[in-house]
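Chain residues, written in single-letter form:
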Amino acid sequence: MTFEEILPRLKNGEKIIRKGWGGAELYVKYVPATTLDDLDMNPYFVINVTGEGYTMFTPTVCDILADDWEIVL
């Protein structure tokens, strides 16, 4: 799937991954807008990496143009 096709599913709570990664990456997850210390936070993406937990994720141009995105079941 393309990033454009998978983005609505990501926003609906599904976890995604690129088939081409094949490393320690487990999935990307969408975190909706929230508050932290009474301040608004914009929505963002996190990635779960084996042995490291979650970290912020910003798709690269290659990620956005890729067509090997898939849903993690």
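Since the structure is predicted, the reported quantities are computational estimates derived from the model, not experimental observations. (Residues numbered from 1 in each chain as written. Predicted model: local features only at pLDDT ≥ 70, side-chain atom pairs only at ≥ 80, totals over all residues. Heavy atoms only, no water.)

**Q** Could you clarify how one ought to interpret helix H1 (residues 3-11) in this entry?
**A** Note on helix geometry: an α-helix contains 3.6 residues per turn, so any two residues three or four positions apart are oriented the same way. Every buried residue belonging to H1 is among Phe-3, Ile-6 and Leu-10, and all of these are buried. For H1, the angular spread of the buried residues around the axis is 70 degrees, confining them to a single face. Taken together, the buried residues of H1 touch strand S1 (15-18), strand S2 (25-31), strand S5 (44-49), helix H2 (61-65) and strand S7 (69-72). Directly after H1, the chain includes Gly-13, whose backbone phi takes a positive value near 100 degrees. (Buried < 20%, exposed > 50% of the residue type's maximum accessible area, 1.4 Å probe, protein only. Helix = DSSP H or I, 4+ residues; strand = E, 2+ residues; numbered from the N terminus. Arc of directions from axis to C-beta. Contact = heavy atoms within 4.5 Å.)

**Q** Can you help me understand the pairing of strand S6 (residues 53-57) in this one?
**A** Side-chain direction in a regular strand flips from residue to residue, so the side chains alternate between the two faces of the sheet. Where S5 and S6 come together, five bridges link them in antiparallel fashion. Pairing of Val-46 across the sheet is with Met-56, part of S6. Remark: three residues form the turn of the hairpin made by S5 and S6, two consecutive strands paired antiparallel; Gly-51 in that turn has positive phi of roughly 80 degrees. (Pairing = 2+ DSSP bridges.)

**Q** Would you explain the pattern of salt bridges in this entry?
**A** Once the charged atoms of two side chains with opposite charge are near each other, the side chains can pair. Following the criterion strictly, the structure yields four salt bridges and no others. Where Glu-14 meets Arg-9, a salt bridge forms, and the shortest distance between an N and an O atom there is 3.0 Å. Glu-14 gets classed as partly exposed once you look at its relative accessible area, which sits at 28%. Across the pair Glu-70 and Lys-19 runs a salt bridge whose closest N-O atoms are separated by 4.0 Å. Here Glu-70, found in strand S7, pairs with Lys-19, found in the loop between S1 and S2; they are 51 residues apart in sequence, far enough to count as distant. Each of Arg-18, Asp-63 and Asp-68 takes part in a single network of salt bridges with overlapping partners. (Salt bridge = Lys/Arg side-chain N within 4 Å of Asp/Glu carboxyl O.)

**Q** Any chance you could explain the pairing of S5 here in plain terms?
**A** For S5, the tally of buried residues reaches five of six residues, placing the bulk of the element in the interior. Here six bridges tie S2 to S5, and the two strands are oriented antiparallel to one another. Across the sheet, Lys-29 pairs through a bridge with Val-46, a residue of S5.

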